[in-house]
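An overview of the molecular structure
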Amino acid sequence: MDNKEQSKDSSTDRSDLVSEDGKNSKSVVCQRCGSKVLCPGMAVFAEKELFLPSMRKKSGLGSTTDSSVDGDTLTAHWFVDDMYTFENVGFTNDVGRIKYLICADCEIGPIGWHCLDDKKSFYVAVERVNHA
């Protein structure tokens, strides 16, 4: 019963966040400092399974290896195809073929994911940001 209620809640939350054309209907902001990451209508909702390490300051992100990283596999993301679409985002140093997206102001993250093999794919995890 709890799973059904949680599913219903998350889909209700998403319908509030996703416009009819599949884009973000609200600004995407940092959970920690409130800095604006994306303006409304600039990203498309996408479901893709991606692993993101646990949230921490930038200095702690690049120093771990894949085998020792704790984190979450997230599926709900805002997809952006051009890094200049972001209002405010930073990138970690390369971690293998991945750069993680962080808040450019307070450097908390990762809030998202970018593979260096695909220059036009940037994903911001819906659960790692707030919406205003």
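This structure is a prediction, so every number in the text was calculated from the model and none was measured.

With respect to the element layout, Ser 27 can be found in the loop between helix H1 (2-17) and strand S1 (28-30). Classification of Ser 27 by relative accessible area gives buried; the value is 9%. Beyond its immediate stretch of four places on either side in the chain, Ser 27 contacts Lys 36, Leu 38, Cys 39, Pro 40, Asn 130, His 131 and Ala 132.

Most of the time, phi is negative for any residue but glycine, and the peptide bond is trans. Cis peptide bonds are those with omega within 30 degrees of zero, and the linkage from Gly 109 to Pro 110 qualifies with 5 degrees. With respect to the helices and strands, the residue Pro 110 is situated in the loop between strand S8 (108-109) and strand S9 (112-115).

Time to look at the sheet that holds strand S10 (residues 122-125). One open sheet accounts for 6 strands, arranged S3-S5-S10-S9-S7-S6; its pairing is antiparallel. The open sheet terminates on both sides in strands that have one partner only, identified here as strand S3 (44-53) and strand S6 (90-91). In the sheet, S9 pairs with S10 via 3 bridges, with the strands oriented antiparallel. Residue His 114 lies in a different strand from S10, and its bridge partner there is Phe 122.

Within the secondary structure, His 114 is located in strand S9. Reaching out from His 114, the side chain makes a polar contact with the backbone oxygen of Ser 121 at a distance of 2.8 Å. Ignoring sequence-local partners within four residues, the contact set of His 114 consists of Arg 97, Ile 98, Lys 99, Leu 101, Lys 119, Ser 121 and Phe 122.

A sheet is described by the order of its strands in space; here 3 strands give the open sequence S2-S1-S11, paired in antiparallel fashion. Two strands lie at the open edges of the sheet, namely strand S2 (36-38) and strand S11 (129-131), each paired on one side alone. Geometrically, the sheet is characterised by an average inter-axis angle of 45 degrees between neighbouring strands, direction not taken into account. Taken together, the 3 bridges between S1 and S11 define a ladder with antiparallel strand orientation.

Parameters and conventions
Along each chain, residues carry numbers from 1 onward, in the same order as the chain's sequence is written. The predicted origin of the model limits local features to residues at a pLDDT of at least 70 and limits the giving and counting of side-chain atom pairs to 80 or more, whereas totals for whole chains, interfaces and linings rest on all residues. Working from all heavy atoms in the structure, the side-chain values ignore hydrogens and water. Helix numbers and strand numbers start at the N terminus; a helix is a DSSP run of H or I with at least 4 residues, a strand a run of E with at least 2. The cut-offs for exposure are 20% and 50% of the maximum accessible area for each residue type, with area from a 1.4 Å probe on protein chains only; residues under the lower value are buried, those over the upper are exposed, and the others partly exposed. Here, two residues are considered to be in contact whenever any of their heavy atoms come within 4.5 Å of each other. For two strands to be treated as a pair, DSSP must find no fewer than two bridges joining them. Polar contact criterion, stated in full: a pair of N or O atoms within 3.5 Å, where within protein one must be able to donate a hydrogen and the other to accept it, and residues adjacent in sequence count only if both atoms are side-chain atoms. Note on geometry: axes are C-alpha line fits, over the in-contact stretch for helices, and angles between N-to-C directions span 0 to 180 degrees.

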